[in-house]
Amino acid sequence: MANRGPAYGLSREVQSKIDKKYDPELEERLVEWIVAQCGPGVGRPEPDKTGFQKWLKDGCVLCELINSLHGANKPIKSVKISGMAFKQMEQISMFLKAAESYGVIKTDMFQTVDLYESKDLAAVQRTLLSLGSLAVTKNDGNYKGDPNWFPKKSQENKRDFSEDQLNEGRNVIGLQMGTNRGASQAGMTGYGRPRQIINNNP
């Protein structure tokens, strides 16, 4: 944890709401995956949010994780254990850059301070969940662990239509535009006499 004073007032209320989004069950699943993916050499954290943050804080486990998803072509060439804050944050940033290149979208990415200063560990979970889902979906042989730990990402279902099929489709009126099917004037009569509003009797 970074050396920060306690939060008060609105800041404390906001932080409390962020902390409630953290999922202990998801933490357990993510730990199992990371250990299966990287091997027992990465160790295991204490089973709580603080232990999870300390385990990932220096960036080493994260870098090992993203490297293991690339086979021989590792995106992060050098992973070093360091007690220096800037080095640890640099390794977290390298992981984030590699994860984005792997396919994790920006809206699923956490910020370095979310992990390093424990600002939003639920966002860290969201990034790892997205990364795991991508790895399962790619099915390139680099994923290790139970495929049921993560939902598969939806994939593009591209279709090719011939010119004749496209022209035929242009002749069809979509029902959202309305329909004139069944419209008929059969049974309609002329207008009745207009209402007489003038009294001609004295």
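Since the model is a prediction, treat every value here as computed from it, not as a measurement. (Residues numbered from 1 in each chain as written. Predicted model: local features only at pLDDT ≥ 70, side-chain atom pairs only at ≥ 80, totals over all residues. Heavy atoms only, no water.)

Caption draft 1: Representation of the overall build of the protein chain. Across its full length, the protein chain holds eight helices and zero strands. What you see in the protein chain, going N to C, is helices and strands ordered as α-α-α-α-α-α-α-α. For the protein chain, the proportion of its 202 residues judged to be buried stands at 33%. Of the contacts formed within the protein chain by residues at least 6 apart in sequence, a portion of 55% connects residues at least 24 apart. Taken as a whole, the protein chain presents about 14300 Å² of accessible surface, with 50% of it coming from carbon and sulfur. (Helix = DSSP H or I, 4+ residues; strand = E, 2+ residues; numbered from the N terminus. Buried < 20%, exposed > 50% of the residue type's maximum accessible area, 1.4 Å probe, protein only. Contact = heavy atoms within 4.5 Å. Areas by Shrake-Rupley, 256 points an atom, 1.4 Å probe, with all protein chains shown as cover.)

Caption draft 2: Region of the structure containing the environment of Gly41. Mapped onto the elements, Gly41 comes out in the loop between helix 2 (24-38) and helix 3 (49-56). Sequence separation between Gly41 and Val61 is 20 residues, and the spatial gap between their C-alpha atoms is 9.6 Å.

Caption draft 3: A look at the environment of Gly71. Relative to the helices and strands, Gly71 is located in the loop between helix 4 (60-68) and helix 5 (85-102). Once the C-alpha coordinates of Gly71 and Asp140 are considered, the two residues, 69 residues apart in sequence, prove to be 9.4 Å apart.

Caption draft 4: Structural detail: helix 3. Every buried residue of helix 3 is accounted for by Gly51, Phe52, Gln53, Trp55 and Leu56. Buried-residue contacts for helix 3 involve helix 2, helix 4, helix 6 (112-116) and helix 7 (121-138). The N-cap of helix 3, judged by a side-chain oxygen 3.3 Å from the amide nitrogen of Thr50 a few residues on, is Asp48. (Polar contact = N/O pair within 3.5 Å; in protein donor to acceptor, adjacent residues only side chain to side chain.)

Caption draft 5: Local environment of the pattern of salt bridges. The tally for this structure, following the rule as stated, stands at three salt bridges. Linking Lys106 and Glu100 is a salt bridge whose minimum nitrogen-to-oxygen distance equals 4.0 Å. In this structure Lys106 comes out as exposed when scored by relative accessible area, which is 62%. (Salt bridge = Lys/Arg side-chain N within 4 Å of Asp/Glu carboxyl O.)

Caption draft 6: Molecular detail of the state of the cysteines. Applying the stated criterion across every chain, the model contains zero disulfides. Of all cysteine sulfurs, the one in Cys63 lies closest to Cys60, which takes part in no disulfide; the gap is 6.8 Å. You can call Cys60 buried: its relative accessible area is 10%. (Disulfide = S-S within 2.5 Å.)

Caption draft 7: Inspection of helix 2 at higher detail. For helix 2, which comprises 15 residues, the first-to-last C-alpha distance of 21 Å matches the rise-based estimate of 21 Å (1.5 Å per residue) to within 8%. Looking at the packing, one finds that the buried side of helix 2 touches helix 3, helix 4 and helix 7. Two or three places before Glu25, at the opening of helix 2, Asp23 has a side-chain oxygen 3.0 Å from that residue's backbone nitrogen. Looking one or two residues beyond helix 2, the residue adopting positive phi is Gly39, at roughly 100°. (Expected span 1.5 Å × (residues − 1).)

Caption draft 8: Seen up close, the side chain of Thr112. By the element assignment, Thr112 lies in helix 6. Look past the residues within four positions of Thr112 in its chain and what remains in contact with it is Met89, Ile92, Ser93 and Leu96.

Caption draft 9: View of the confidence of the model for the protein chain. With 74% of its residues at a pLDDT of 70 or more, the protein chain shows a mean pLDDT of 84. Mean pLDDT across the elements of the protein chain bottoms out in helix 1 (residues 9-20) (70) and peaks in helix 4 (97). (pLDDT = per-residue confidence, 0-100.)

Caption draft 10: Highlighting the packing of aromatic side chains. The tally for this structure, following the rule as stated, stands at five aromatic pairs. Their ring planes at 20° and their centres at 6.2 Å tell us that Trp33 and Tyr143 sit as a pair that is stacked. On the criterion of sequence distance, the pair formed by Trp33 in helix 2 and Tyr143 in the loop between helix 7 and helix 8 (163-170) is long-range, its members being 110 residues apart. For the pair shown, Trp33 and Tyr143 are each scored as buried. Each ring, one from Tyr143 and one from Phe150, has its centre 6.3 Å from the other, and the planes form 85°; the classification is edge-to-face. For the pair Tyr143 and Phe150, a shared accessibility class is recorded, and that class is buried. An aromatic cluster is built from Trp33, Tyr143 and Phe150, whose rings are joined through pairwise contacts. Directly above the ring of Tyr22 sits Lys49, whose terminal nitrogen or CZ lies 5.9 Å from the centroid. (Phe/Tyr/Trp six-rings, centres within 6.5 Å; stacked < 30°, edge-to-face > 60°. Lys NZ or Arg CZ within 6 Å of the ring centre and 35° of its normal.)

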